[in-house]
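# Topology and contacts: notes
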Amino acid sequence: MSRGEASGPFRTGDRVQLTGPKGRLHTITLEPGKVFHSHKGPIAHDDLIGLPDGSVVANAVGVEYLALRPLLSDFVMSMPRGAAIVYPKDAAQILAQADVFPGATVVEAGVGSGALSLWLLRAIGPQGRLLSFERREEFASVARGNVATFHGEDPENWSITLGDLAETLPEQAADASVDRVVLDMLAPWECIDVVSTALKPGGVLLCYVATATQLSRVAEAIRATGAYTEPQANETMVRGWHVQGLAVRPDHRMIAHTGFLLTARRLAPGTVLPELKRRPSKTEFSDEDVEAWTPGALGERNVSDKVLRKRARAADAAARRSRGDDDDPHQTTEPADAD
């Protein structure tokens, strides 16, 4: 059983989420002899070890904290980031729309900070196989640390391959051997041909893109292959509600656009789809339009190398603590997390 799926009393090595009286969250990894410090006073890790999940514990000055194991959604929102993460609302839709199932062989590119990798690993189970691809070593390092931290180990059914998907996928997956492909990258249309070779007939291709121009470009690239069903696109928005007695109203803030999901299924070789009857629309595009769709024109938010190295060190340190092989056994205190 992986540490991310543990239940029962808190044990050494467990991650515990402490919620203070004002709702501030702190996540710690339990180690005998260590102490969690905040401006409201210390809590000894030994006071938490052995308590049931969902307990309330008071610190040295009587301030009470609710102690719970963090959910996967809690973990991915607070873990170190190399690249922007796939939010839980989109991860849930990816698992549903791509129909990721236990035992599936799944290709993921790029891996980013490992958030989607964690959701995919949970969905495919120990009998499945996740092949992740990432161009940047810094992002891969952060992802490895985050996944190892959550699981307490390096999953045996997961691999990260460094390099361009178009060049490396044929080396890692045989033709027609992959059940699902999830592309979270700037220019997924560049990889459609190699993905089409790896996907089984009936397999699902899902592309997660941020902008409408990317969405249009990848949809046209998929149609142009003649190897897929008609692409389907959507986005997910989540709005919370305030429910207090008779005061029931929508929250003033919501999680709105984070990305588009586009899905299509691989056809059997030689299959030709029946022609769809469509209303006339503007589908033609010029060379100037294509230029506007290029990765450089789309714009990519880059994280500095210095920040990436810092986040990679943080992810690696958390992974060592979770595995139980921390290099610094003499440390006795743990600082409070930032808001």
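In this report, the structure presented in the accompanying data block is examined.

### A word on the overall build of the protein
- On a plain count of helices and strands, the protein comes out with 11 helices and 16 strands.
- Summarising the internal contacts of the protein: among those between residues at least 6 apart in sequence, 66% fall at separations of at least 24.
- Within the structure as shown, the protein displays about 17,700 Å² of accessible surface, and the carbon and sulfur contribution to it stands at 52%.

### Thoughts on the pattern of salt bridges
- All told, the structure shown has 13 salt bridges when counted by the stated rule.
- Where Asp14 meets Arg69, a salt bridge forms, and the shortest distance between an N and an O atom there is 2.7 Å. You can see Asp14 sitting in the segment before β1 (15-19) and its partner Arg69 sitting in the loop between β6 (64-68) and α2 (72-78), a full 55 residues away along the chain. Each of the two residues, Asp14 as well as Arg69, counts as buried.
- Between Lys89 and Asp90 there is a salt bridge, with its nearest N and O atoms 3.3 Å apart.

### A few points about the sheet that holds β1
- If you trace the 4 strands from one edge of the open sheet to the other, you get β2-β1-β6-β5, paired in antiparallel fashion. Both outer strands of the open sheet, β2 (25-29) and β5 (55-58), are each paired with one neighbouring strand and no more. The average undirected angle you get between the axes of adjacent strands in this sheet is 30°.
- Bridge count for β5 against β6 is 4 bridges, and the pairing is antiparallel. Counterpart to Val56 in the pairing with β6 is Leu66.

### Examining the packing of aromatic side chains
- Evaluation of the coordinates by the stated rule reveals 1 aromatic pair.
- A centroid spacing of 5.1 Å and a plane angle of 50° characterise the contact between Phe75 and Phe150, whose relative ring orientation is tilted. You can see Phe75 sitting in helix α2 and its partner Phe150 sitting in helix α5 (residues 137-151), a full 75 residues away along the chain. The exposure classification of Phe75 matches that of Phe150, with both residues buried.
- Between the NZ or CZ atom of Arg136 and the centre of the ring of Phe139, over which it lies, the distance is 4.8 Å.

### Some points on the environment of Trp241
- Inspection of the secondary structure puts Trp241 in strand β13 (residues 238-244).
- A relative accessible area of 47% places Trp241 in the partly exposed class.
- With 12 residues separating them along the chain, Trp241 and Arg253 place their C-alpha atoms 9.6 Å apart.
- Those residues in contact with Trp241, other than ones at most four positions away along the chain, are Val248, Arg249, Pro250 and Asp251.

Calculation criteria
- Sequence order as written defines the numbering, with residues in each chain counted from 1.
- Per-residue local features of the predicted model are confined to residues with pLDDT of at least 70, and side-chain atom pairs are confined, for both listing and counting, to 80 or more; whole-chain, interface and lining totals are unaffected and use all residues.
- The basis for every side-chain value is the complete set of non-hydrogen atoms in the structure, without hydrogens or water.
- Numbering goes from the N terminus for both helices and strands, where a helix is a DSSP run of H or I of at least four residues and a strand is a run of E of at least two.
- The criterion used for residue contact is that any of the two residues' heavy atoms lie within 4.5 Å.
- In these tables, accessible area is a Shrake-Rupley quantity obtained with a 1.4 Å probe, and a residue counts as shielded only by the protein chains included in the view.
- The term salt bridge refers to a side-chain nitrogen of Lys or Arg lying within 4 Å of a carboxyl oxygen of Asp or Glu.
- Only protein chains enter the accessibility calculation, which uses a 1.4 Å probe; a residue is then buried when its area is under 20% of its type maximum, exposed when over 50%, and partly exposed in between.
- Here, a strand pair is defined by DSSP locating no fewer than two bridges between the strands.
- For helices, the fitted axis covers only the stretch in contact; all axes are lines through C-alpha atoms, and the angles between them, taken along N-to-C directions, range from 0 to 180 degrees.
- The criterion for an aromatic pair is that two Phe, Tyr or Trp rings (for Trp, the six-membered ring) have centres within 6.5 Å, with stacked assigned to planes under 30 degrees apart, edge-to-face to planes over 60 apart and tilted to the rest.
- Throughout this description, the term charge over a ring refers to an Arg CZ or Lys NZ atom that lies within 6 Å of the ring centre and within 35 degrees of the ring normal.

So far we have only geometry, and geometry alone does not tell us how the molecule works.
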